[in-house]
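Close look at the chain arrangement
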Amino acid sequence: MNCPLCGQKEPQMLTDRLRNGEPLRVLYCPDCDAGYLEDRKTGDELKAYYRDAYRKEYKPDLRKQADAGRLFDIAARFQEDRIARIERYLRKEASVLDVGCSSGAFLYRIKDKVQALAGVEPDPEAARFASRACGCPVYAGYLPETPLPKGSFDVVCSFQVMEHVEDPLAFLLQMKEYVKDDGVLCVEVPNLRDALVSAFELPNYRRFYFRSAHLFYFGDRGLRLLMERAGLEGDVFYSQDYHFVNHMNWALSDKPQPSAEDGMGEPAFPLRREADPDAGARLNGFLRRVNREYKALLEELGMTSKIGFIARKKRD
Ligand SMILES: [Zn+2]
């Protein structure tokens with residue numbers, strides 16, 4: 001199998017088994033610093049999957065289905081890192097497009113900061129929900145099918161989407177067309193160097209990490225290469241969403257916590273109701289300090305759960 005990004009013929013193997021035990025291989029191209037699922041859905045099959053099936057297979061709570069409202073409620077609580085990162089571009093007169101916006105949690109959180117918002121989302125239920133929640137147009141489908149004018153957005157962002165698309169370079173080039181000449185493109189994806197997969201020996205996490213919905217995986221060098229190939233220039237950022245206790249849970253049991261939200265936000269000890277409140281506050285204060293230091297270390301090492309970039313169009 002040749003690398004779908006560059007045609008390279010000698011891939012390495014990252015895994016031969018995915019989440020849920022599926023016997024599929026993920027290969028790694030050292031030239032592109034990118035992983036790719038060997039057997040990938042394409043074309044109409046891929047579109048039908050994101051329209052109908054994706055959210056039934058992948059959900060933040062491993063115990064139960066999540067409808068668009070539940071997805072929104074969870075996601076809306078965890079947008080701080082994204083907002084902080086692009087805050088300086090969210091001027092009062094700015095227009096923002098979110099590609100693959102899911103239930104609209106990010107758009108909702110920034111709606112009072114900017115003048116105009118729009119979203120695109122292949123899952124029609126999520127798109128309807130996002131449009132109602134944010135009071136802005138959210139198109140069910142794909143960017144080129146929308147009536148949105150090209151070159152009209154100050155900020156085009158896409159969070160945790162590029163790993164799902166058939167052709168990441170084409171995806172970037174497409175989004176780039178909708179960015180104003182002085183605008184920015186912000187893309188975030190899972191990090192191939194996530195500490196739990198790149199530094200720790202956790203066989204179950206490894207299978208949990210690689211999943212059939214992710215067609216591509218990117219390292220930081222891989223993202224820089226893609227930016228270059230797309231005629232973009234910008235900086236790579238690292239961001240850790242799961243907390244220290246979530247990593248300790250994996251390290252000790254090699255099992256996920258029941259729900260993604262248990263592992264996000266601030267960690268806390270399970271304090272007894274009878275516990276001295278002052279002692280409880282100090283114990284949890286200690287845990288929060290450890291968590292901050294741990295996340296900072298992961299960023300320094302480039303081993304966070306997410307990576308991404310903020311880029312501008314390269315001028316020639
Ligand atoms: Zn390659």
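Residues numbered from 1 in each chain as written. Predicted model: local features only at pLDDT ≥ 70, side-chain atom pairs only at ≥ 80, totals over all residues. Heavy atoms only, no water.

Topic: the pattern of salt bridges
- This structure, assessed with the given rule, holds 20 salt bridges.
- E87 is the salt-bridge partner of K113, the closest N and O atoms lying 3.1 Å from each other. Of the two residues, K113 is situated in the loop between helix 4 (105-110) and strand 5 (116-121) and E87 in the loop between helix 3 (80-86) and strand 4 (95-99); the sequence distance between them amounts to 26 residues.
- Assessed through its relative accessible area of 30%, K113 is described here as partly exposed.
- A salt bridge links D220 to R193; the shortest N-O distance between them is 3.5 Å. Of this pair, D220 sits in helix 9 (residues 220-229) while R193 sits in the loop between strand 8 (179-190) and helix 7 (195-198), and the two are 27 residues apart along the sequence. (Salt bridge = Lys/Arg side-chain N within 4 Å of Asp/Glu carboxyl O. Helix = DSSP H or I, 4+ residues; strand = E, 2+ residues; numbered from the N terminus. Buried < 20%, exposed > 50% of the residue type's maximum accessible area, 1.4 Å probe, protein only.)

Some thoughts on the packing of helix 10 (residues 244-253) against helix 11 (residues 277-301)
- Between helix 10 and helix 11, the shortest axis-to-axis distance is 9 Å and the interhelical angle comes to 80°. Taken together, the axes of helix 10 and helix 11 lie roughly perpendicular to each other. Along the contact surface, helix 10 presents F244, V245 and H247, while helix 11 presents L287, V290, N291, Y294 and L298.
- A class-by-class count of the residues in the contact of helix 10 with helix 11 yields six nonpolar, two polar and no charged. (Axes fitted to C-alpha atoms, helices over the stretch in contact; angles between N-to-C directions. Parallel < 35°, antiparallel > 145°, perpendicular 65-115°, else oblique. Contact = heavy atoms within 4.5 Å. Nonpolar A, V, L, I, M, F, W, Y, C, P; charged D, E, K, R; others polar.)

Focus on the nonpolar core
- Counting residues in each nonpolar core, the largest one holds 57 residues, and the members touching the most others are L97, V156, M162, L172 and M175.
- With sequence-adjacent residues up to four places away left out, L172 is seen in contact with M162, L185, V187, L226, A230 and F309.
- By size, the runner-up hydrophobic cluster in this structure holds 24 residues, among which are Y89, L117, A127 and I310. (Core = buried A, V, L, I, M, F, W, Y, C linked by side-chain atoms within 4.5 Å.)

Some words on the sheet that holds strand 2 (residues 26-29)
- The strand order across the open sheet built from four strands is 1-2-3-9, with neighbouring strands paired in antiparallel fashion. Strand pairing shows two members of the sheet lacking a second neighbour, strand 1 (12-15) and strand 9 (216-218), which therefore form its edges. Neighbour-to-neighbour, the strand axes of this sheet turn through a mean angle of 30°, independent of strand direction.
- Inspection of the sheet shows strand 2 paired to strand 3 (residues 34-37) by four bridges, in the antiparallel sense. In the sheet register, C29 faces strand 3, and the bridge partner there is A34. (Pairing = 2+ DSSP bridges.)

Some remarks on the environment of A127
- Residue placement: A127 occurs in helix 5 (residues 124-134).
- For A127, the contacting residues outside a window of four places in its chain are S102, E121, V138, Y139 and A140.

Section: the packing of aromatic side chains
- Counted by the stated rule, this structure contains 15 aromatic pairs.
- Relative to Y108, the ring of F72 lies with its centre 5.1 Å away and its plane at 80°, an arrangement referred to as edge-to-face. Residue F72 is found in helix 2 (residues 68-76), and its partner Y108 is found in helix 4; the two are separated by 36 residues along the sequence.
- For F72, a relative accessible area of 9% translates into the label buried.
- Between Y205 and W250, the aromatic rings sit 4.7 Å apart at their centres with planes inclined by 85°, giving edge-to-face as the arrangement. In this pair, Y205 sits in helix 8 (residues 203-209) while W250 sits in helix 10, placing the two residues 45 residues apart along the sequence. Residue Y205 shares its accessibility class with W250, and that shared class is buried.
- Each member of the aromatic cluster is reached from another via a ring pair, and the members are Y205, F208, Y209, F210, Y217 and W250.
- Over the ring of F208 we find R19, and its NZ or CZ is 3.8 Å from the ring centre.
- Over the aromatic face of Y49 sits the side chain of K41, whose NZ or CZ is 4.2 Å from the ring centroid. (Phe/Tyr/Trp six-rings, centres within 6.5 Å; stacked < 30°, edge-to-face > 60°. Lys NZ or Arg CZ within 6 Å of the ring centre and 35° of its normal.)

A look at unusual backbone geometry
- One non-glycine residue, N20, lies in positive phi territory at about 70°.
- Relative to the helices and strands, N20 is located in the loop between strand 1 and strand 2.
- Non-glycine residue Q160 carries a positive phi angle of around 55°.
- With respect to the element layout, Q160 can be found in the loop between strand 7 (153-159) and helix 6 (168-177).

Focus: the environment of K9
- Relative to the assigned elements, K9 resides in the segment before strand 1.
- The class of K9 is exposed, set by a relative accessible area of 63%.
- Taking the C-alpha atoms as reference, K9 lies 8.5 Å from C29; in sequence the two are 20 residues apart.
- Here K9 is in contact with M1 and N2, once residues within four sequence places are set aside.

A look at the sheet that holds strand 8
- With respect to topology, seven strands assemble into an open sheet ordered 6-5-4-7-8-11-10, the strand pairing being mixed. Two strands close off the open sheet at either side, each with one partner strand: strand 6 (138-140) and strand 10 (232-239). Ignoring strand direction, the axes of neighbouring strands in this sheet form an average angle of 15°.
- Both strand 8 and strand 11 (residues 306-313) contribute to a ladder of six bridges, which runs antiparallel. If you follow V189 over to strand 11, its bridge partner there is I307.
- Across the sheet, helix 5 is in contact with strand 5 and strand 6; its angle to strand 6 comes to roughly 165°.
- Across the sheet, helix 9 is in contact with strand 8, strand 10 and strand 11; its angle to strand 10 comes to roughly 155°.

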